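Residues per chain, in single letters:
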Amino acid sequence: MNATLLDDATQARVVAAYLKRHPEFLSEYPDLAAKLTMPREQGAVSSLAVYQLQSLRDKNAELERRLAELIGIAAENEKLMERVHALTVALLRANTMEVTARTVIARLSADFHTEQVRLLLFGDEPRLPRADWLQQIAGGADALPEFSEFLHKNEPVSGRLSAEKLQRLFGAESEEIRSVAMMRLGDCGILAIGSADPDRFQPGMGTLFLKMISATITAALARSRDVS
């Protein structure tokens, strides 16, 4: 027997002795346990085969959970896309500023199940209705210093707002609002959606659909202004 074989045999005995002294070793290195080859005959070591099988089952269960989660997200995104499409079609039919504004509020309230919707439109349009959901800001963006940072970044935001900002947006209903999604409508104004659920709109949530809604409403408002 040459030196290499002797060394291999010695190392194998050392490894075996170590594992005997530390039976928990493989639980700390599950990837290693999953790669080991088991003898066909039954015996005390069959418990490792059971462990490997359970490890594979756990991995499969986790993959199935993730797949179900992704399927759920995809289904919800599909519903949101259908609602955005319906909003777009409805706004294409609107031919005046008033109809456009009313369509925005009606569609967001019904299709998106929103509790409070507010339009803050820059300028002074006498043909627009007097309503709780509409504010006309004659001074434009400069008349809303509390939202200057938001207007400058021109990105949708979601989460909780200060009491001052909630009051400016929602007035008497501000005390009921716990979370908000807010979008700039280009040079037309601001759209704010409020919820009594503090988890409805959270910081860091995806803004893709908010951007799509914002772009759609901005285009509709700009078109109706040009028509007027």
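Check the entry above for the structure.
Calculation criteria
- Residues numbered from 1 in each chain as written.
- Predicted model: local features only at pLDDT ≥ 70, side-chain atom pairs only at ≥ 80, totals over all residues.
- Heavy atoms only, no water.
- Helix = DSSP H or I, 4+ residues; strand = E, 2+ residues; numbered from the N terminus.
- Buried < 20%, exposed > 50% of the residue type's maximum accessible area, 1.4 Å probe, protein only.
- Contact = heavy atoms within 4.5 Å.
- Areas by Shrake-Rupley, 256 points an atom, 1.4 Å probe, with all protein chains shown as cover.
- Patch = residues over 30% accessible without salt bridge, like charges linked within 9 Å, V, L, I, M, F, W, Y side chains within 5 Å.
- Salt bridge = Lys/Arg side-chain N within 4 Å of Asp/Glu carboxyl O.
- Pairing = 2+ DSSP bridges.
- Axes fitted to C-alpha atoms, helices over the stretch in contact; angles between N-to-C directions.
- Lys, Arg positive; Asp, Glu negative; His and termini not counted.
- Charge placed at Lys NZ, Arg CZ, Asp CG, Glu CD.
- Arc of directions from axis to C-beta.

Student: How should the overall build of the chain be read in this particular structure?
Tutor: When helices and strands are counted, the chain shows eight helices and five strands. Along its sequence from the N terminus, the chain presents helices and strands in the succession α-α-α-α-α-β-β-α-β-α-β-β-α. Residue burial in the chain is summarised as follows: out of 228 residues, 32% are buried. Within the chain, residue pairs in contact and separated by at least 24 positions form 53% of the contacts whose partners lie at least 6 positions apart. Summed over all atoms, the accessible surface of the chain reaches about 14400 Å², with 55% contributed by carbon and sulfur.

Student: Any chance you could explain a nonpolar patch on the surface here in plain terms?
Tutor: There is a patch of nonpolar side chains on the surface, built from V15, Y18 and L19 and spanning about 250 Å² of accessible area. Tracing the backbone through its elements, the reader meets Y18 in helix α1 (residues 3–21).

Student: What should I look at first to understand the side chain of S158 in this one?
Tutor: You can see S158 is positioned in strand β3 (residues 157–159). Relative accessible area serves as the criterion here: at 15%, S158 is assigned to the buried category.

Student: Is there a simple way to explain the sheet that holds strand β2 (residues 134–137) in this structure?
Tutor: Overall, mixed pairing links the five strands, which are arranged β2-β1-β5-β4-β3 in an open sheet. Only two strands of the sheet have a single partner each, and these edge strands are β2 and β3. For this sheet, the mean inter-axis angle between neighbouring strands, taken without regard to orientation, is 15 degrees. Two strands pair when backbone bridges link them, and strand β1 (residues 116–122) and β2 are joined in this way by four bridges, in the parallel orientation. Each residue of the ladder has a partner; that of F122, found in β2, is I137. Relative to the sheet, helix α5 (residues 97–111) contacts β1 and β5 (189–195), its axis offset from that of β1 by approximately 155 degrees.

Student: Please explain a negative patch on the surface as it appears in this structure.
Tutor: Judged by side-chain charge, E115, E175, E176, D197 and D199 come together as a negatively charged surface patch. With respect to the helices, strands and loops of the structure, D199 is situated in the loop between β5 and α8 (208–227).

Student: What's the story with unusual backbone geometry in this structure? I'm lost.
Tutor: Negative phi values dominate among residues other than glycine, just as trans dominates among peptide bonds. Here the phi dihedral of H113 falls at roughly 55 degrees; this positive angle occurs in a residue that is not glycine. Mapping H113 onto the fold places it in the loop between α5 and β1. Taking the relative accessible area as the measure of exposure, H113 reaches 53% and is therefore exposed. Positive phi is not limited to glycine here, since N154 has a value of about 55 degrees. Position of N154 among the secondary structure elements: in the loop between α6 (148–153) and β3. Note on N154: relative accessible area 45%, which makes it partly exposed.

Student: Looking at this model, I keep getting lost on the environment of A172. Mind explaining?
Tutor: The residue A172 is located in the loop between α7 (163–170) and β4 (179–185) in this model. Taking the C-alpha atoms as reference, A172 lies 9.4 Å from D132; in sequence the two are 40 residues apart.

Student: It is not clear to me how α7 should be interpreted in this structure. Could you clarify?
Tutor: Every α-helical turn comprises 3.6 residues, leaving residues that sit three or four positions apart pointing alike. If you check which residues of α7 are buried, you get L166, L169 and F170. In an axial view of α7, the angular spread of the buried residues amounts to 75 degrees, which keeps them on one side of the axis. Close packing links the buried residues of α7 with β1, β2, β4 and β5. G171 lies just past α7 and shows a positive phi near 60 degrees.

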